[in-house]
Amino acid sequence: MKLIYFQFLLLVRRILWLMLFYSIVRLLFFLFNNHSFQNVSNGQIIDSFLLGLRFDLSAICIINILYVLGSFMLSPSHWESLRYQKWLQNLFVIPNLASLSLGVIDLEYYKFIGRRTNFEINSIMGDVGNQAQNLLGKYWYLALIMLFLSWIFIKFLPKSSKKVPFTNTLPWYPFNVFMALFMAALFVLGFRGGFQEKPLRTNQAFSQNSQQLGNLVLNTPFTFLTTIDAQGTNAVQYLPSQQMYSLIQTKGQSSDIQHNVPQNIMIIIVESLSAEYMGIYNQYTGYTPFLDSLSKAGVCMRNHFANGRESIDAVPAVVASMPKLMDEPYITSKYQANNIAGLASILKPSGYSSAFFHGARNGSMGFEGFSQIAGFQQYYGLNEYPNKKDFDGNWGIFDEPFLQFCAQKTTEQQQPFVNTIFTLSSHSPYTIPAKYLGRFRKGPLEIHESIGYADYALRQFFENSKHTPWFKNTLFIITGDHTQQNSEPKYNNEMGAYRVPLILFHGSQSMNILLKKKILPHKITQHADIVPSILDFLGKNNNQLNYFGESIFNFSQGGKALLYSEGRFSMVSQSKYIVFDGEKFRGDTINLEKNVIIKNNIPIATKLKNRLLAFIQYHHNGLIENKL
């Protein structure tokens, strides 16, 4: 037992010593890139160092899992052996110095890519090897810094003082194995960041709503290791850059709407709300009587598309104009810490407060972390909801009480505000409160009843909100995150898989009348159009935003929707639906009102082909170069 205690104490001392070096490298990162932190306070810098400890420990735990097993697995005779202790020391020193060197490289490399280095750097290792001599000549001081840190690290590394000769005895003991596995389990727990439902993610470092501070919180070994299995994307060069930008940049008129008072923005994303489920889009009753009535009072975009097929795809598209054009969701990809212009961050300099509401467990689908990257100042999830009796037993809080909570918190919020609410009750297994069973219309699909409940919950939300001081100055944008099961043949095709509603409704009746005059409801729109449309409505400059979306107020553009599925890129544009599989194109003539393909395999205009290629190139290269 004494030797186990000794080995445990040595492990703790070495981990603390290593964490000190992670903080030293973070300090160097701050000093080398101090130009990036000119507009942040000293308190925020200190908070970043403290928040970074969790990410440091996470990286340290996974890097040293073999060292932990080696420290406790074998017999006491091995522990007392100088030869074995020296081997253990090397097992600790070599991987950790290699990891620290990644952080030292980032002292300068960060200036080029604007984020921490991740596993993607392996894709350019050939170029790095070819330029090794030039790079070393230019950044020789980084090598000196690493050599100096290595010398200090090894010189003062806590070491074993045991000097007992090696004796050959049986190495395996049940208690040793138990201790090794127990400690390994603790280190795995440390790597995932604790007992929470989801493991620690890169985007959770951005809790201070600052891209720069988020990168200060992170450490490069963490971002490198957590993106090893990330798929990412590859750079492409279909068109010259000048031609690419000429095809994707949107020009045209703006809304020119004048406001006497600052306007609030409320985005509501309804879980699994397909256009198929609504009467307003179809010649049958549907399951959303309230949303249908709201669509008639406001503006209903008739040809709207989601940019993805999952909830995790919808949030980046809706609040940051980032469509899904690769296999992996942006939120969990290696690019999740890239610089992006989210709606809340764009509006913050204009005095907008912001909040993101989602009644699920905090951390679910990475929404909390991404909302912070997009600039939302507050996040309200299951943890913040006061009455856990409203838990649905599966995902989170039932829609009706959670939406009332949203209204309450919004009333307490400073105006003007930009808020996003994401509902959840219409998510599988489609649970609704027992008191409402049998109340809502059922259809051929299990989801239909829960859609009726979500619609009712929204009715109650609007009924309550219209008595608040903020309602009459608020633009509501309502959409579905993605489609779900379908029972109507009309929607059982490639385009139907992305048809979700988009409703614009204002708390002022006179503004709704004006919106109807300013918007063409049959224009093709997509989730990525929501942010530029909001900025246009508010009369705000959108120069920070990427080029994927365009304002729905722009009459001079026919609109488009960018879609992706399993390596196939699609674009809906006017009466054409074109698909590019990476090698060849396919074109169809479509009738959007009926959602059908009229003619297959039509010739495609070169400009239309090039426009889709331009968006793909802009997306892929922009992610890799962190320029979106």
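Going by the structure above, here's the rest.
Residues numbered from 1 in each chain as written. Predicted model: local features only at pLDDT ≥ 70, side-chain atom pairs only at ≥ 80, totals over all residues. Heavy atoms only, no water.

**Here's the deal with the pattern of salt bridges**
As a working rule, side chains carrying opposite charge can pair if their charged atoms are close by.
Here is step 1 of the chain: In the structure shown here, the tally under the stated rule is 11 salt bridges.
Here is step 2 of the chain: A salt bridge links Asp313 to Lys324; the shortest N-O distance between them is 3.7 Å. Here Lys324 lies in the loop between α14 (311-320) and α15 (343-347) and Asp313 lies in helix α14, a separation of 11 residues in the sequence. Residues Asp313 and Lys324 agree in their burial class; the two are buried.
Here is step 3 of the chain: Between Glu550 and Lys523 there is a salt bridge, with the nearest N and O atoms lying 3.1 Å from each other. Of this pair, Glu550 sits in the loop between α20 (530-538) and β10 (560-565) while Lys523 sits in the loop between α19 (509-518) and β9 (524-526), and the two are 27 residues apart along the sequence.
Here is step 4 of the chain: A cluster of three or more residues bridged by salt bridges with shared partners is formed by Glu494, Arg568, Arg586 and Asp588. (Salt bridge = Lys/Arg side-chain N within 4 Å of Asp/Glu carboxyl O. Helix = DSSP H or I, 4+ residues; strand = E, 2+ residues; numbered from the N terminus. Buried < 20%, exposed > 50% of the residue type's maximum accessible area, 1.4 Å probe, protein only.)

**Section: the sheet that holds strand β8 (residues 502-506)**
Here is step 1 of the chain: Reading across the sheet, the seven strands line up as β2-β8-β7-β1-β6-β4-β5 and stay open at both edges, with mixed pairing between neighbours. The open sheet has two edge strands with one neighbour each: β2 (299-301) and β5 (378-380). Pairs of neighbouring strands in the sheet enclose a mean axial angle of 15°, with direction left out of account.
Here is step 2 of the chain: The sheet contact formed by strand β1 (residues 264-270) and strand β6 (residues 417-422) spans five bridges and is parallel. Across the sheet, residue Met266 finds its bridge partner in β6, namely Asn419.
Here is step 3 of the chain: Along the sheet, helix α13 (residues 289-297) contacts β2, β7 (474-480) and β8; its crossing angle with β8, the most-contacted strand, is approximately 65°.
Here is step 4 of the chain: Docked against the sheet, helix α18 (residues 447-465) engages β1, β6, β7 and β8, running at close to 165° with respect to β1. (Pairing = 2+ DSSP bridges. Axes fitted to C-alpha atoms, helices over the stretch in contact; angles between N-to-C directions. Contact = heavy atoms within 4.5 Å.)

**Section: the side chain of Arg116**
Here is step 1 of the chain: Residue position: Arg116 is located in the loop between α5 (82-113) and α6 (125-130).
Here is step 2 of the chain: Buried Arg116, no salt bridge; nearest opposite-charge side chain is Asp106, N-O distance 4.3 Å.
Here is step 3 of the chain: Only 2.8 Å separates the side chain of Arg116 from the backbone oxygen of Asn215, close enough to count as a polar contact.
Here is step 4 of the chain: Within the structure, Arg116 has its side chain in polar contact with the backbone oxygen of Leu218 (distance 2.8 Å). (Lys, Arg positive; Asp, Glu negative; His and termini not counted. Polar contact = N/O pair within 3.5 Å; in protein donor to acceptor, adjacent residues only side chain to side chain.)

**Quick notes on helix α8 (residues 140-155)**
Here is step 1 of the chain: Here α8 is 16 residues long and its end C-alpha atoms lie 23 Å apart, about the 22 Å a rise of 1.5 Å per residue gives.
Here is step 2 of the chain: Of the residues making up α8, those classed as buried are Leu142, Ile145, Met146, Leu149, Ser150, Ile152 and Phe153. Taken end-on, α8 shows its buried residues confined to a sector of 165°, consistent with a single buried face. Relative to its buried face, α8 has exposed residues pointing more than 90 degrees away, namely Leu147, Phe148 and Lys155. (Expected span 1.5 Å × (residues − 1). Arc of directions from axis to C-beta.)

**Describing the pairing of strand β4 (residues 353-358)**
Here is step 1 of the chain: The buried fraction of β4 amounts to six of the six residues, a majority that puts the element mostly inside the structure.
Here is step 2 of the chain: Along β4, one buried face is formed by Ser353, Ala355 and Phe357 and the opposite face, lined by Ser354, Phe356 and His358, is buried too.
Here is step 3 of the chain: Bridge count between β4 and β6: six bridges; the pairing is parallel. Its bridge partner lying in β6, Phe356 is registered against Thr420.

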